[in-house]
Each structure stands twice: as C-alpha cells, then as structure tokens.
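# Structural overview
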Amino acid sequence: MSFSHFYLVGLIVTALSSLWVGLFVYSKSPGRTLNRSWGLLGVSVSAWSLGTALMILAPSHGQGLLWARFSHIGASLIPVSYLHFIYALLKIKVSTGKKLVMYGVGLTFALMSSTPLVVGNITPKNWFSYYFEPGPYYGLFTLHFFGWVFYATWLKLKALRTLSGLHLNQLRYVLLAAILGFVSGSTTFPLVFDIPFPPFGNFVFMYVAIITWAIVRHHLMDIRIALTRGAIFVIVY
C-alpha cells in the first residue's frame, strides 16, 4: 500500500468515526452545551477529513479545489468548537460576547476558506496528485487554528491541578485524545508550505477511539451506555 492510499484510509475512517461519535453524543442531550459543542466538533473534523480525502481522489483540478476549500471550512470551526467544549467540560462560564467573538472568528475563516484567500490553489506535491497551496491568508488561518487549541490546552493543564477522582480521569482522557488528535492533524500543515514532511492527519481517528473509551469506562459527558467487552473492543480498536 502506497503512502497516499494509507493516508486516504485513515482520513475516511476519521471522517466516519468523528461524525458518528459527534452525532451520538449530541443525540444523548441536545440541550447541553457540552454535547452541542462536541457534536459540532465531530461534524467539523468529519468535514475536514472527508474534504481532504475527496481532494486527493478528485478526477479533475476543479473538483479537487472545491473539496480542498470545503475541508478548510470544516477546519475553521474545529478550534473554536473544541475550546467551547473545554469551557463546558471544565464548567467555566463564558459570556455571550466571548462566544460571539469565538464563533465570529471561526465563521469568518470558514467564509474565507471558500475563496482563494485561504486555499489559493491545489498542485501535485510529493505523495499526492493534489495538495493545498496557501492563499494570502493561510498564515493567519494557521494562527487561528493553533491559537485557540493552545489556549484550550493551557486551560486543561491548569485544571489538572485542581480536579480529583472521576473528573480528573475524564480530563486526562480528553487531554490525551487532544494531544494525539491535534499533533497528528498539525502534520498536514508543513507540506502546505512546501516543507517535505509527510502528513499523518490520518491518525486523528485515535482521538475518537480514546473519547469513546472514556465515555464507556468513565462516563465522559455523563453518558452511560451498556456494551459488552466485545463491542467495546470493536469500537475502540
């Protein structure tokens, strides 16, 4: 199996599993901020993964460019929905104004991502027939993506010193899932800037496996489901 095929399989697994877990968590309690923000995060990750996979598979330049920009619309909402989820998980009150700024910035980049301002073009690069070429605001998009994620990580690390028992275990799983997911996802950026580092964004699906295990084992997000050991093995592995 070539690297591009290996990468594609992981992207498709990530797209399907993120969408499934996101909608499942949302359906358990649609009125809770925690569940809504996680649902949006799952849909956003799924859109990014699916768009990237379809860009690579595109039979023409025009279709590939359409899917490349679609993937970045999803990616624009990943960091703000994740930060909102962390606020809710840690029970941090967030003012309406702050939420408007967060999602306003996310939606602004989502709109920009549908134009050449973020993804300027797609070209053959290293292992792929098509890959992202940065537009004039791609650097700012990168800052937007990592800025919110680093801030959410800082909040989690700070909270680790004050929590105990079940809540501490839940946060540890979320932190581990975030490290694996975002570190894996971050490897998609170097090749955009023509740095020949292989992207391993196809391993983002590991965050889904860890969060699923945390739901089953530690009732993350207060979700309680009864599964056999065999079912847990299938879901996680």
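Everything below is about the structure shown above.
Residues numbered from 1 in each chain as written. Predicted model: local features only at pLDDT ≥ 70, side-chain atom pairs only at ≥ 80, totals over all residues. Heavy atoms only, no water.

## A word on the pairing of strand β1 (residues 119–125)
The pairing of β1 with strand β2 (residues 128–134) spans five bridges and is classified as antiparallel. Pairing of I122 across the sheet is with F132, part of β2. What sits between β1 and β2 in their antiparallel hairpin is a turn of two residues, with N126 showing a positive phi close to 45 degrees. (Pairing = 2+ DSSP bridges. Helix = DSSP H or I, 4+ residues; strand = E, 2+ residues; numbered from the N terminus.)

## What about the pattern of salt bridges?
Considering all chains together, one arrives at two salt bridges under this definition. Between E133 and K125 there is a salt bridge, with the nearest N and O atoms lying 2.8 Å from each other. Under the relative-accessibility criterion, E133 is labelled partly exposed at 23%. The class for K125 is buried, based on a relative accessible area of 5%. Between D194 and K125 there is a salt bridge whose closest N-O contact spans 3.0 Å. Here K125 lies in strand β1 and D194 lies in the loop between α7 (189–192) and α8 (205–218), a separation of 69 residues in the sequence. Residues participating in the shared-partner salt-bridge network are K125, E133 and D194. (Salt bridge = Lys/Arg side-chain N within 4 Å of Asp/Glu carboxyl O. Buried < 20%, exposed > 50% of the residue type's maximum accessible area, 1.4 Å probe, protein only.)

## As for the environment of V208
Note that V208 resides in helix α8. Ignoring sequence-local partners within four residues, the contact set of V208 consists of S17, S18 and V21. (Contact = heavy atoms within 4.5 Å.)

## Re the side chain of S37
Position of S37 relative to the elements: it lies in helix α2 (residues 33–57). A polar contact of 3.1 Å, which involves the side chain of S37, links it to the backbone oxygen of L34. Discounting residues that sit within four places of it in the chain, S37 has contacts with S81, H84 and F85. (Polar contact = N/O pair within 3.5 Å; in protein donor to acceptor, adjacent residues only side chain to side chain.)

## Quick look at empty space enclosed by the protein
All chains considered together, the criterion is met by two cavities of 30 Å³ or more. Every residue lining the largest cavity is counted, 23 residues in all, and those nearest its centre are V45, I78, F145, G181 and F182. Of all the secondary-structure elements, those providing two or more residues to the lining of the largest cavity are α2, α3 (61–89), α5 (138–160), α6 (165–186) and α8. (1 Å grid on protein atoms, 1.4 Å probe; cavity = no way out; pocket = protein on both sides within 12 Å on 5 of 7 lines; lining within 4 Å. Points joined across faces, edges and corners; volume = space filled by probe spheres on them.)

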